[in-house]
Amino acid sequence: MIHKKWIAIAAMSLLLTACGEETNTSSGGEAKTEGVEENTETKVQGEKEEEIEEEAKDVEEVEEEEVEEQVTETQYKVNTANWSVQPIADADEKVVLVTIDDAPDKHSIEMAETLKNQGVPAIFFVNGHFLATDEKKQQLKKIHEMGFTIGNHTYSHQDLKGLTEQQQQEEILKVSDMIEEITGEKPKFFRAPFGSNTDFSKQLVADEKMVLMNWTYGYDWEKQYQNAETLTDIMVNTEYLNNGANLLMHDRDWTVEALPGILQGLEDKGYGFVDPKEIKGM
Ligand SMILES: [Zn+2]
């Protein structure tokens with residue numbers, strides 16, 4: 001009983017931190033609060049927004065040059081209260097979204113190949129500082145050509161709350177430009193380092209027509225899960241695995257090793273995998 005309770009508390013803390021060696025519980029906690037606020041706002045504004053969206057649709061269709069995205073049918077939307085993905089109509093409920101952060105560092109190509117082999121779509125959230133060489137740019141291009149969705153994870157992975165507005169803008173816009181230059185496509189999704197968003201960055205991300213998301217759960221930055229065996233087990237058997245869960249993993253030694261088993265374990269539990277191209281854009 002005590003043991004179970006301890007695990008629950010420990011696991012909760014894992015939900016609130018991510019991305020790297022740095023543990024930043026407070027930023028994750030705040031992100032959660034932000035999510036609740038946003039959700040309330042969404043509820044109130046929901047109907048009005050739909051009307052406006054309908055009106056704007058015709059204009060958008062003419063102006064939108066990214067035909068590729070328009071072709072894929074929208075099946076899911078991001079729930080800003082908990083960052084899960086929800087079916088819009090009759091899409092399959094028992095699904096998860098796979099996301100790989102801090103790419104392309106050392107293992108992103110191998111992770112993309114594993115995902116491809118197991119038929120699993122995913123978002124690779126990239127940091128601009130990894131794209132300094134032609135080799136790295138080619139890797140990103142290849143991941144995109146393999147059909148994966150590329151997301152913006154800022155240039156140098158700093159906590160946006162510690163930066164000026166000017167710096168936040170540079171951190172975000174620079175990467176979008178790099179991604180577009182390399183892949184020919186602007187990123188559709190944004191994830192802040194440590195899930196630490198500011199009012200300014202949220203507005204900027206919206207202005208840039210990116211969908212902001214944190215995540216539901218992830219463990220690969222915690223010491224005890226920095227090996228393939230324990231990581232595979234917790235990613236598949238955590239109590240936070242639910243319909244629409246947004247799974248956070250990183251480009252890391254132990255995660256690349258654990259990935260095939262994690263995907264297989266989720267599939268064995270009956271979960272399908274959301275194609276990020278089917279998630280509603282801005
Ligand atoms: Zn990160």
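Above this text you will find the structure in question.
A short tour of the structure in this document, coming up. On a predicted model such as this, the values are computed, not experimentally measured, just so you know.

## A closer look at the pattern of salt bridges
In step 1: Tallied over the full model, the rule gives six salt bridges.
In step 2: Here Asp-101 ties to Arg-191 by a salt bridge, and the two come within 2.8 Å at their closest N and O atoms. Within this pair, whereas Asp-101 is found in strand E3 (residues 95–103), its partner Arg-191 is found in the loop between strand E6 (189–190) and helix H7 (199–207), the two being separated by 90 residues in sequence. For the pair Asp-101 and Arg-191, one class covers both residues: buried.
In step 3: Of the charged contacts, one joins Arg-252 and Asp-102 as a salt bridge, the two residues approaching to 3.1 Å between their closest N and O atoms. Here the residue Arg-252 occupies a position in the loop between strand E8 (246–250) and helix H9 (253–268), and Asp-102 occupies one in strand E3, the gap between them amounting to 150 residues. Like Arg-252, the residue Asp-102 is buried in the burial classification.

## Here's the deal with helix H5 (residues 134–145)
In step 1: Here H5 spans 16 Å end to end across twelve residues, near enough to the 16 Å set by a 1.5 Å rise per residue.
In step 2: Of all the positions in H5, only Lys-136, Gln-139, Leu-140, Ile-143 and His-144 are classed as buried. Seen end-on, H5 carries its buried residues on one side only, within an arc spanning 135°. Opposite the buried face of H5, by more than 90 degrees, sit the exposed residues Asp-134, Glu-135 and Glu-145.
In step 3: Its buried side turned inward, H5 meets helix H4 (108–117), strand E4 (123–126), strand E5 (149–152) and helix H6 (165–183).

## Quick look at the packing of H4 against H5
In step 1: For the pair H4 and H5, interaxial distance at closest approach is 10 Å and the crossing angle is 10°. Judged on the interaxial angle alone, H5 and H4 are roughly parallel. For the pair formed by H4 and H5, the contact residues are Ser-108, Ile-109, Ala-112 and Glu-113 on the first element and Gln-139, Lys-142 and Ile-143 on the second.

## Regarding unusual backbone geometry
In step 1: With omega at -10°, the peptide bond leading from Ala-103 into Pro-104 counts as cis.
In step 2: Its place among the elements puts Pro-104 in the loop between E3 and H4.
In step 3: Located in the positive-phi region is Asp-102, a residue other than glycine, with phi close to 60°.
In step 4: Phi is positive for Thr-154, close to 75°, though the residue is something other than glycine.

## Brief notes about the nonpolar core
In step 1: One finds Val-98, Leu-115, Phe-124, Tyr-217 and Leu-231 to be the most contacted residues of the largest nonpolar core, which totals 43 residues.
In step 2: Looking at this core, the elements with two or more residues in it are E3, H4, E4, H5, H6, helix H8 (228–237), E8 and H9.
In step 3: Once residues within four sequence positions are removed from consideration, Leu-231 is found in contact with Tyr-219, Asp-220, Tyr-225, Trp-254, Thr-255, Ala-258 and Ile-262.
In step 4: Among the nonpolar cores identified, the runner-up in size contains 23 residues, and Trp-83, Ile-172, Phe-190 and Ala-192 belong to it.

## Digging into the packing of H5 against H6
In step 1: The contact between H5 and H6 brings their axes to 9 Å, and the two run at 70°. One way to sum up the angle between H5 and H6 is to call them roughly perpendicular. Facing Lys-137, Leu-140, Lys-141 and His-144 of H5, the residues of H6 in contact are Ile-179, Ile-182 and Thr-183.

## Here we look at the packing of aromatic side chains
In step 1: Applying the stated criterion across every chain, the model contains three aromatic pairs.
In step 2: For the pair Tyr-217 and Tyr-219, a centre-to-centre distance of 5.8 Å together with 55° between the ring planes defines the contact as tilted. Neither Tyr-217 nor Tyr-219 differs from the other in exposure class; each is buried.
In step 3: A ring pair is formed by Tyr-219 and Tyr-225, whose centres lie 5.3 Å apart and whose planes are at 70°; its orientation type is edge-to-face.
In step 4: Take Tyr-219: its relative accessible area is 1%, and that puts it in the buried class.
In step 5: By relative accessible area, Tyr-225 is classed as buried at 12%.
In step 6: An aromatic cluster is defined as three or more aromatic residues linked by ring pairs; in this entry it consists of Tyr-217, Tyr-219 and Tyr-225.
In step 7: The ring of Tyr-271 has Lys-94 sitting right over it, with the charged end atom 4.9 Å from the ring centre.

## Quick word on the pairing of E4
In step 1: Along E4, one buried face is formed by Ile-123 and Phe-125 and the opposite face, lined by Phe-124 and Val-126, is buried too.
In step 2: In this structure, E4 lies alongside E5, joined through four bridges in parallel fashion. Bridged to Val-126 within E5 is Asn-152.
In step 3: Regarding topology, H5 serves as the crossover connection from E4 to the parallel E5, and that connection is right-handed.

What counts and what doesn't
Residues numbered from 1 in each chain as written. Predicted model: local features only at pLDDT ≥ 70, side-chain atom pairs only at ≥ 80, totals over all residues. Heavy atoms only, no water. Salt bridge = Lys/Arg side-chain N within 4 Å of Asp/Glu carboxyl O. Helix = DSSP H or I, 4+ residues; strand = E, 2+ residues; numbered from the N terminus. Buried < 20%, exposed > 50% of the residue type's maximum accessible area, 1.4 Å probe, protein only. Expected span 1.5 Å × (residues − 1). Arc of directions from axis to C-beta. Contact = heavy atoms within 4.5 Å. Axes fitted to C-alpha atoms, helices over the stretch in contact; angles between N-to-C directions. Parallel < 35°, antiparallel > 145°, perpendicular 65-115°, else oblique. Core = buried A, V, L, I, M, F, W, Y, C linked by side-chain atoms within 4.5 Å. Phe/Tyr/Trp six-rings, centres within 6.5 Å; stacked < 30°, edge-to-face > 60°. Lys NZ or Arg CZ within 6 Å of the ring centre and 35° of its normal. Pairing = 2+ DSSP bridges. Right-handed = clockwise from strand over helix to strand, strands pointing away.

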